[in-house]
Amino acid sequence: MTPDYTTFVRNADAVRAEIAAACKAAGRPLQDVELLAVTKTHGPWAPEFAARYGLTGVGENRVQEAVEKKPQVEATLRWELIGHLQSNKARVAVENFDRVQSVDSSKLLRRLDAAAADVGHKLAVLLQVNAGNDPAKFGVDLEDAPALLEIALDLPHLQVDGLMTIAPLSEDIAVAERTFSNLRELRDRLREEFTTPLTTLSMGMSGDMVPAIAAGSTQVRVGTALFGRR
Ligand SMILES: *Cc1c(COP(=O)(O)O)cnc(C)c1O
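Described below are features of the structure shown in this document.

1. Here's the deal with helix H2 (residues 45-53)
Step number 1: Among the residues of H2, Trp45, Ala46, Pro47, Phe49, Ala50 and Tyr53 are the ones counted as buried.
Step number 2: Buried residues along H2 sit in contact with helix H1 (5-26), strand S1 (34-38), strand S2 (57-60), helix H3 (63-69), strand S3 (78-81) and helix H9 (224-227).
Step number 3: In the stretch just after H2, Gly54 is the one whose phi turns positive, near 110 degrees.

Following this line, the structure appears as structure tokens:
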């Protein structure tokens, strides 16, 4: 079912108000936090609505779904892959996404670098970190992140923009808070150690935007609160 644009605008206004309030509470400028519209499972209407509203980026979690959806979307958008990527799909991912947020192994890094070299452009990536130590989540472990970054920085066709994490599912907000501050502290340490800016901290979703922004998120990935339940 395609919801109407008016409903979407109401949802998006509410999300932006929540982001604005969280920025204010954290003493951060509003421009520091980007709203990435997560359009997975929704038809081409979802990216179209996001673009019409003025959002510039969309997140998809499956390569194949995005490959099918993209040609049906007229609006120009930045497409970001936020879901797990198998290394045998690296080439298709490079061809279809402007940034891959879910990089969590050296094998995948090398495959993406080779594919980007083939395609002839640099690929922006984020390293996905399992900052909540959740056995159910993908992502490199906190203690293994420095070694992965070291490999990534040596690959000529990749540009490492920063880090991404997903907080473990929990009723307890302290779990999300701990996850996000872990990622923030890791980023600050890596920035010193490797003298690279790592400007993007992709963390926070519909249910945990506020603690993510408090901890320094620069991009929240929001699906449900914008487009309704999947
Ligand atoms: C689905 C998804 C989101 C959005 O989640 P909502 O709770 O619907 O806002 C964010 N990040 C990732 C990696 C996702 O897979």
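And the narrative resumes.
2. Observations regarding the site of the ligand
Step number 1: The ligand sits among Val38, Lys40, Ile82, Ile166, Met205, Ser206, Arg221, Val222, Gly223, Thr224 and Arg230.
Step number 2: In the environment of the ligand, an oxygen atom lies 2.7 Å from a nitrogen or oxygen atom belonging to the side chain of Lys40.
Step number 3: Relative to its unbound accessible area of 390 Å², the ligand is 89% covered by the protein chains.
Step number 4: Given that more than half its atoms are within 2 Å of the pocket grid, the ligand belongs to the largest pocket.
Step number 5: Among the residues forming the shell around the ligand, the class breakdown is five nonpolar, three polar and three charged.

3. Section: the pattern of salt bridges
Step number 1: The tally for this structure, following the rule as stated, stands at 14 salt bridges.
Step number 2: Between Arg28 and Asp32 there is a salt bridge, with its nearest N and O atoms 3.9 Å apart.
Step number 3: You can call Arg28 buried: its relative accessible area is 17%.
Step number 4: For Arg91, the salt bridge is made with Glu95, and the minimal N-O distance between the two is 2.8 Å. Here Glu95 and Arg91 lie together in helix H4 (residues 90-96), a separation of four residues that amounts to about one turn.
Step number 5: Residue Arg91 is classed as partly exposed on the basis of its relative accessible area, which comes to 37%.
Step number 6: Shared partners join several salt bridges into a network, and the residues in it are Glu34, Arg78, Glu80, Arg99 and Asp161.

Parameters and conventions
Residues numbered from 1 in each chain as written. Predicted model: local features only at pLDDT ≥ 70, side-chain atom pairs only at ≥ 80, totals over all residues. Heavy atoms only, no water. Buried < 20%, exposed > 50% of the residue type's maximum accessible area, 1.4 Å probe, protein only. Helix = DSSP H or I, 4+ residues; strand = E, 2+ residues; numbered from the N terminus. Contact = heavy atoms within 4.5 Å. Near = heavy atom within 4 Å. Polar contact = N/O pair within 3.5 Å; in protein donor to acceptor, adjacent residues only side chain to side chain. Areas by Shrake-Rupley, 256 points an atom, 1.4 Å probe, with all protein chains shown as cover. 1 Å grid on protein atoms, 1.4 Å probe; cavity = no way out; pocket = protein on both sides within 12 Å on 5 of 7 lines; lining within 4 Å. Sits in = over half its atoms within 2 Å of the grid points. Nonpolar A, V, L, I, M, F, W, Y, C, P; charged D, E, K, R; others polar. Salt bridge = Lys/Arg side-chain N within 4 Å of Asp/Glu carboxyl O.

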